[in-house]
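Chain residues, written in single-letter form:
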Amino acid sequence: MDAVGISPLDVVGWLVQFWIVLGIVALVLQRTPQLINNVVFPLSALTSLLLAAAGLWALAAPPGIMVLPLGLPDLPFHLRLDPLSGFFLILLGGASLGVSLFSAGYFRTMAGGTLGLLCLEYHLFLVGMTLVLLADDAYMFMVAWETMALSSYFLVTTDHAIPDIRKAGYLYLLIAHVGAIAILLSFGVMQGGHGIGAYTFDAMRGAQLSTFWSSAAFLLALFGFGAKAGVLPLHVWLPEAHPAAPSPVSALMSGVMLKTAIYGILRVTFDLLGTQLWWWGVLVLALGLLTAVFGVMFAAVQGDMKRLLAYSSIENIGLLLVGIGLTIIFHVYGKNTLAALSLTATLYHSLNHAMFKSLLFVGTGAILHATGERNMGRLGGLIHRMPWAAMLVLVGVLAIAGLPPLNGFVSEWLLLQAFLLSPGLPNSYINMLVPVAAAVIALAAALAAYVMVKFYGVIFLGQPREKVLEHAHDAGIWERSGMVWLALTCVALGLAPVFVVQQIDLVSRMLIGSGLGNAAANWVFLAPVDTERASYSPLYFLLAVLAVMLLTTVLVRRLYHGRVRRSPPWDCGFPAQTARMQDTAEGFGQPIRRIFEPFFRIEREVPSPFDTHPRYHGQSDDRLWYILYLPVKQLTERLSALTSLLQHGRIHLYLTYTFATLIVLLVFV
Amino acid sequence: MTENANLLFAIVFQLAQLLLVVLAAPLLTGWVNQCQAWLQNRSGAGVLQPYRVLRKLFHKDAVMAHNASPLFRVTPYIVFGCMWLAAAIIPIIAVDLPFSLAADVIALVGVFAVARVFLALAAMDIGTAFGSLGARREMLVSFLAEPALLMVFFTASMISHSTQLPRIVETLAHHQFMLYPSLAFAGLAFLIVLLAENARIPVDNPSTHLELTMIHEAMILEYSARHLALIEWASSLKLFAYISIGIALFLPHGIAEVDNWAGLPLAVVALLVKLMLAGAALAVFEIVSAKLRIFRAPEFLGTAFLLAVLGLLIHFLLGA
C-alpha cells in the first residue's frame, strides 16, 4: 500500500522484469529441457497470477504513473496503470496462468535448443502484451506493439520447416504491419503536430481536434486495431496463423492478443479522443454484426479443429465490437446507464472469451499431442481415452455456446439487456437498427451452439474414426492443471457475475464517467437496472437445476431398479455399423453450407458412380480472399514488375539514373 | 407480517406448481394424441396412455451400447431437470413465482438450449449414423427457432419494459383485450417455433420411426427404459412449457395477480380450459398440414424468425 510506498505499477514492473529474466534463463538452460518445463513455465504461471492480482489491485487504486529513462532523447518511456489497463492485466494474467501451466506439459517432447528459444519468445510475447497495456505514450506503445507482433510471429513459425506454416506466418506479419502503420498514423493525427512532447497520451487527451481529424484518427485506429483483432475484412490471417502456431501460443494469441486490440480501440475512442460521434458507433456496430455472423458461419463448415476455433474467435470479436458500437452510440446520446451496461457487457465478454477460448485451444493441444491429428474427420470417440480433457473441454464448449449458468451466458445476457433497454434514442434510424442488431446477435449465438456441438461431438464423441486413436493418452498433470484453472475461471465467472460487474464498474466510471451504480441489488442477483426490469441469478439457477436433477435421480433409483444391460448399438437394427458412417465435420456442417451457399466459394469434386476408388473432395473458401486480397496481390506484383524494368544490375545505368535525377532537381531548384 | 406470509405463500405456490406441471405434462400430451385420434376417426388410446407408457418404460431393464459414455447416462437427467424447471417458472396460474427472479426469459431460452445441446451431444455419443443425423438436424432446426423465440420474448419485454415473466404477464393481462399489432406477428412466429421445437408436423413427426425424415426420434434412438422414460417425460414437459408460454404471452387473461390468492380457483379453471383448447388446436393444425422436406424446414423457420423481427420492428415503429 501507499504506507510502504509500493504501487501496483511497481509490482507489475517487477513482474515484467522477472518474465524477461525467465526468458533469458530458459535460453541458458537449453541443455536441460526438463528444467525449462518443470521450473521456468510454472514460475511464469506464478508470475501471471501475481500480475492478475496486481491488476485487481490497480482497479481500485488511483492511476500510477512512471517515467522510464529509456527510449529516445527527449522522449522517455511513459507507463501508466489505470483501471482500464488493470482490467486487461487481470485478463492477461488469468489466461496466461492457465496457458503457462499447460505449456509446462505441452512442450516436454520438444528438443532443448528449440524449446529455449521458444520459451524466450513466449516470455517476450507476454512482456510485449503487458507493456502495450501499460504504455502511456505513442512511442512506447508502438515499441511494445511491435515486440508483441514480432515475438508472436516467431512463435507462429515455430515449425518453420513446413512451407504452409511459413506462408501463414508471412500473412500474419504482413497484416500486422499494415495495421501497425494505421495505428502509427492515428497517433500522428492525434498528436496534431505539436512537437515531440505531444506524443504522450496525456498530451493527446488534452488536444483539441476538429471533427474531421478526430474522425480520421478514429478510423485509422479502427483499421489498425481491427487488423489485429480480425475484424472483417482484415480477418484472413486468423484462420491461417492459429492452426500454424503451437496450441498454447494459439491460446494466447486468440485469448489475449486479440483483446489488446479491443483495449486499443477502447483506449483511443473513449480515453484519448475526448468526444465521439454517433456514426462511429453505427460503423463499429455494423462491422461487428458482419464479423460475428461471418465468423460463426465459416466456423460451422471447418474441418480443422483449430481453424474452427479461429473462426469462432472472429465471431467473438464481432460480438465485442457490437458492444463497443452500442457503447459509443449510447454515450454520444447521453444514455449513461445504457452505455455503462453495454461497456460492461463488452469487458465481461472479453474476459470470458479469454478464458474459454484459451481453454479450448489448449484442449486442441492436448488432442494434438495424443493423436497428432488436427483434422476432425480423423478423430472421434476421445471421451473414452481422454476423460479429463473431454470433461474440461466440455466446460469450455458449454461456456462458449452461451449456456447458463456458465460465463458465456452472462455476457450475452448483459448485451441483450442493453439492446432491450435501448428504445428512446433521438435518431430514429438507429432506433430501427437496434432490433435488427439484436436479432443478428441472437442468430450468431444460436449458430455458435451449432458449431460447438459439432466441435465436441465430432472430436470427443462417437466411435474412433482411425485405428491410432485407440492409443491416445490423456493430458498429463501439468496440462491438466492448466486446463482445470481455465475451466474453473469459466465456472467462477459464470457464477459470481455480481462481483465481476462491480469490478468492471470501476473501469466504466473511468472511461465513460458512469457505472451501473448499485445495479446489483444484492450479491446473488445480477440486476443491471433494477430488479423489476431484469434479474438473473446463476447461483440459484444452478442450485435449482441441480436440486431437480438430484431429486429425479434419487427418485428413479429408489423407486425403480438400476439394472443396465450392455449390447451393441441398436441404430434401427442395422447391423453393419462402422465408424465411417458417423457424421464427419464436413457432414455436420453441410446444412449450414447449403443454407448460406452464396457466401461461400465452394469447390467440390464428386466421384462418378463408376469410380473404383471414389474420392470426395469439398472445400468452402472465403470469397473475400478472392475478391479483395488476390487483386491487391496481383496489383502489387504488377507494380513491382514495373519497378523491375528500372533495375538491370548494371552500374552505368544506375549512374545515369542518378545523373538524370540530379539534372531534374537542378532544373527545379 | 403479511409481507412475510405472502412470500411464504408464494414459495409454497412455486413448489406446488413445480409438482403440478410434472404430473400434468403427460396428460396434455395424452390429450393432444387423443384429439388427433378422434380427428382421424380412431378411438385412440385414452388421455392416460402416456402415463402407462412411462410406467412400462420405468420397469424395463436399461439397454445401453457398449461404448456409451457417462455423458450418455447423465443426459436424460439433465434434460428432464431443465425441462421441469422451465415448465415450473412460467406463470400460468398466478404471477407470484419467486424463482422467476433468478431466471428471466433470456435464461428460459438458455434452459431450453442447455437441454438441446446435451441431447444433441448424447445423440452423437454412440456414433451411429442415425444419432449424428438427428443431432445435426436438431441443431439445424434450433439455430433458427431459438433466435425467433428470443425475438418473440423481446417484443413482449419491450411492451412490458421487463424481461421477467411475471412482470410481462402482469402487464399483458392488465390491458383489457388491447390488440398489440407487434404481438400478432410475434404470435405467428411463436406458433411456428412451438411446432418446430416440439418436433411436431410439419417440421418433424413425433409418431414416426425407422424413417429417414426423423429428427427428434433419431436422436433418442439409442435410449431405452428409464432413460427413455425421462426423455419422453421431458418432451411432454417441453410441450407443456411451450403451450404455457403461449398462454402466458398471448392469453394471460384470468391469471391470479400479485397476492390475489382468492383468485386461484378461477385461474385454475381458466388454465384448464386454455390448455384443452390449445391442445385441441395443436391436434387440428397437425392433422391438416403435411410434413415438409428437411431442407424446406429452414425456410419455414426463417419465416418465423423474420416475422418475429418484424414484430419487434413494428413495436419500435408504432410504439405498441
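Just so it is clear, the model here is predicted, and its values are computed rather than measured.

A. Examining the overall build of chain A more closely. A count of helices and strands for chain A gives 23 helices and five strands. For chain A, the C-alpha radius of gyration of 26 Å lies close to 26 Å, the compact-globule estimate for 669 residues. Overall size of chain A, expressed as C-alpha extent along the three principal axes, is 100 × 70 × 60 Å. Expressed as a percentage of the 669 residues in chain A, the buried residues total 55%. Residue pairs in contact within chain A that sit at least 24 positions apart in sequence constitute 79% of those at least 6 positions apart.

B. Fine view of the overall build of chain B. The helix and strand inventory of chain B stands at 11 helices and one strand. For chain B, the C-alpha radius of gyration of 19 Å lies close to 20 Å, the compact-globule estimate for 320 residues. Along the three orthogonal principal directions, the C-alpha set of chain B runs to about 55 × 45 × 40 Å. The burial tally for chain B puts 61% of its 320 residues in the buried class. When contacts within chain B are restricted to residue pairs at least 6 apart in sequence, those whose partners lie at least 24 apart make up 81%.

C. Main features of the interface of chain B and chain A. Across the boundary between the two partners, chain B contributes 69 residues, which contact 67 residues of chain A. At the level of elements, helix 2 (49–59), strand 1 (62–65), helix 3 (70–88), helix 4 (105–125), helix 5 (129–160) and helix 11 (297–318) of chain B are the ones that each hand at least two residues to the side of chain B that touches chain A. In terms of residue class, the side of chain B that touches chain A is made up of 46 nonpolar, 15 polar and eight charged. Relative to strand 1 of chain B, strand 3 (residues 564–567) of chain A is paired through four bridges, and the arrangement is parallel. In the sheet register, Val564(A) faces strand 1 of chain B, and the bridge partner there is Ala62(B).

D. Highlighting helix 11 (residues 278–300) of chain A. The end-to-end C-alpha distance of helix 11 of chain A is 34 Å, a good match for the 33 Å that 23 residues give at a rise of 1.5 Å each. Among the 23 residues that make up helix 11 of chain A, 17 are buried, leaving the element largely enclosed by the rest of the structure.

E. A look at the environment of Arg378(A). Residue and element names in this part refer to chain A. Secondary-structure assignment places Arg378 in the loop between helix 13 (336–371) and helix 14 (382–385). Taking the C-beta count within 10 Å as the criterion, Arg378 has 17 such neighbours and is therefore assigned partly exposed. Remark: the alpha-carbon pair of Arg378 and Val468, spanning 90 residues in sequence, is separated by 9.6 Å. Those residues in contact with Arg378, other than ones at most four positions away along the chain, are Glu373, Arg465 and Glu466.

F. Region of interest: the UniProt feature "transmembrane region" (unreviewed entry) in chain B. Residues and elements named next belong to chain B. Sites flagged by UniProt as "transmembrane region" (unreviewed entry) map to residues 6–32, 74–94, 106–127, 139–159, 179–196, 239–256, 262–288 and 300–318. For residues 74–94, the helix share is 71%, the strand share is 0%, and the end-to-end C-alpha distance is 33 Å. In this annotation, residues 139–159 is assigned 100% helix and 0% strand; the end-to-end C-alpha distance for the span is 30 Å.

Quick notes on the rules
Residues numbered from 1 in each chain as written. Chains lettered and ligands numbered in written order. Predicted model: local features only at pLDDT ≥ 70, side-chain atom pairs only at ≥ 80, totals over all residues. Helix = DSSP H or I, 4+ residues; strand = E, 2+ residues; numbered from the N terminus. Rg over C-alpha atoms; globule rule 2.2 N^0.38 Å. Buried ≥ 20, exposed ≤ 12 C-beta atoms within 10 Å, placed from the backbone. Contact = placed C-beta atoms within 7 Å. Nonpolar A, V, L, I, M, F, W, Y, C, P; charged D, E, K, R; others polar. Pairing = 2+ DSSP bridges. Expected span 1.5 Å × (residues − 1). UniProt positions renumbered as here; feature names shortened; annotations may be inferred.

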